[in-house]
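# Analysis of the macromolecular model
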Amino acid sequence: MEAIEAIKTRRSVRQYLPKPVPKEIIEEIVDCGRLAPSANNDQPWEFVVVTGQEKREAIAAAATYGKFIADAPVCLLVFARNTRHFLEDGSAAMENMLIAAHTHGLGTCWIAGANTAYGAEIARICGAPASHGLVALTPLGYSTDRPTAYKRSLEEVIHWEEY
């Protein structure tokens, strides 16, 4: 799958099959996150891969809009040092991983972590140091669900020269 096609066809998936994801594929997806751009090439991110059922259930219980994390075989989390652009940097890393996962035929669903009531609890569950905050997390797995989503047209969102 080419990059443009992957970007245009990726959708949020909330139903997962109990089929394991090979470690090599998970590592390639996280590697794509590692290669994201960051302000001043600071690379403030750290990635946590959770495959254990109990820990995924704890994360799902904590995440307000992520109860389906417990059903996916993997949860990927992006933590970042508290730098000036940690949110942008961590978000770029997460987006790279979402697109990489899609190219492998895997489903994901972006779940916010920064500035949430549950971010600190998920950080505690994952053993993240106090110097790092949760940016975002996503379940990762195979799915038969192929959701469609309304997307505003280009004509509705593009502005030339000024707003």
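Now for a quick tour of the structure. (Residues numbered from 1 in each chain as written. Predicted model: local features only at pLDDT ≥ 70, side-chain atom pairs only at ≥ 80, totals over all residues. Heavy atoms only, no water.)

## Regarding the overall build of the protein chain
What the protein chain contains, in helices and strands, is six helices and five strands. Its helices and strands in sequence order give the protein chain the pattern α-α-β-α-β-α-β-β-α-β-α, from N to C terminus. Dimensions of the protein chain, computed from the C-alpha atoms along their principal axes, are close to 50 × 40 × 30 Å. Partitioning the contacts of the protein chain with sequence separation of at least 6, the portion at a separation of at least 24 is 78%. Element-wise, carbon and sulfur atoms account for 53% of the exposed surface of the protein chain, whose accessible area totals about 9500 Å². Charge separation in the protein chain, taken as the distance between the mean sites of 16 positive and 20 negative side-chain charges, equals 5 Å. (Helix = DSSP H or I, 4+ residues; strand = E, 2+ residues; numbered from the N terminus. Contact = heavy atoms within 4.5 Å. Areas by Shrake-Rupley, 256 points an atom, 1.4 Å probe, with all protein chains shown as cover. Lys, Arg positive; Asp, Glu negative; His and termini not counted. Charge placed at Lys NZ, Arg CZ, Asp CG, Glu CD.)

## Some points on helix 4 (residues 86-103)
Look at helix 4: 26 Å from first C-alpha to last across 18 residues, which is about the 26 Å you get at 1.5 Å a residue. Along helix 4, the residues classified as buried are Asp89, Gly90, Ser91, Ala93, Met94, Met97, Leu98, Ile99, Ala100, Ala101 and His102. On its buried face, helix 4 sits against helix 1 (3-9), helix 2 (23-34), strand 1 (45-50), strand 2 (74-81), strand 3 (107-108) and strand 5 (132-141). One or two steps after helix 4, the chain reaches Gly105, where phi turns positive at roughly 80 degrees. (Expected span 1.5 Å × (residues − 1). Buried < 20%, exposed > 50% of the residue type's maximum accessible area, 1.4 Å probe, protein only.)

## Here we look at a nonpolar patch on the surface
Side chains of Leu154, Val157, Ile158 and Trp160 sit close together on the surface and give an oily, nonpolar patch of about 430 Å² of accessible area. Tracing the backbone through its elements, the reader meets Ile158 in the segment after helix 6 (154-157). Ile158 sits in the partly exposed class, given a relative accessible area of 34%. (Patch = residues over 30% accessible without salt bridge, like charges linked within 9 Å, V, L, I, M, F, W, Y side chains within 5 Å. Salt bridge = Lys/Arg side-chain N within 4 Å of Asp/Glu carboxyl O.)

## Regarding the layout of surface pockets
Volume-wise, the largest pocket comes out at about 250 Å³. In this structure, the largest pocket is lined by Ala6, Ile7, Lys8, Arg10, Arg11, Ser12, Glu95, Ile99, Pro147, Thr148, Ala149 and Lys151. Residue assignment for the lining of the largest pocket shows that the elements contributing at least two residues are helix 1 and helix 4. The element best represented in the lining of the largest pocket is helix 1, accounting for three residues. (1 Å grid on protein atoms, 1.4 Å probe; cavity = no way out; pocket = protein on both sides within 12 Å on 5 of 7 lines; lining within 4 Å. Points joined across faces, edges and corners; volume = space filled by probe spheres on them.)

## Looking at the environment of Cys32
Position of Cys32 relative to the elements: it lies in helix 2. Given a relative accessible area of 27%, Cys32 falls into the partly exposed group. In the structure, Cys32 is positioned 68 residues away from Ala100 in sequence and 6.8 Å away in space, judged by C-alpha atoms. Setting aside chain neighbours within four positions, we find Cys32 in contact with Asn96 and Ala100.

That is the geometry; function is a separate question.
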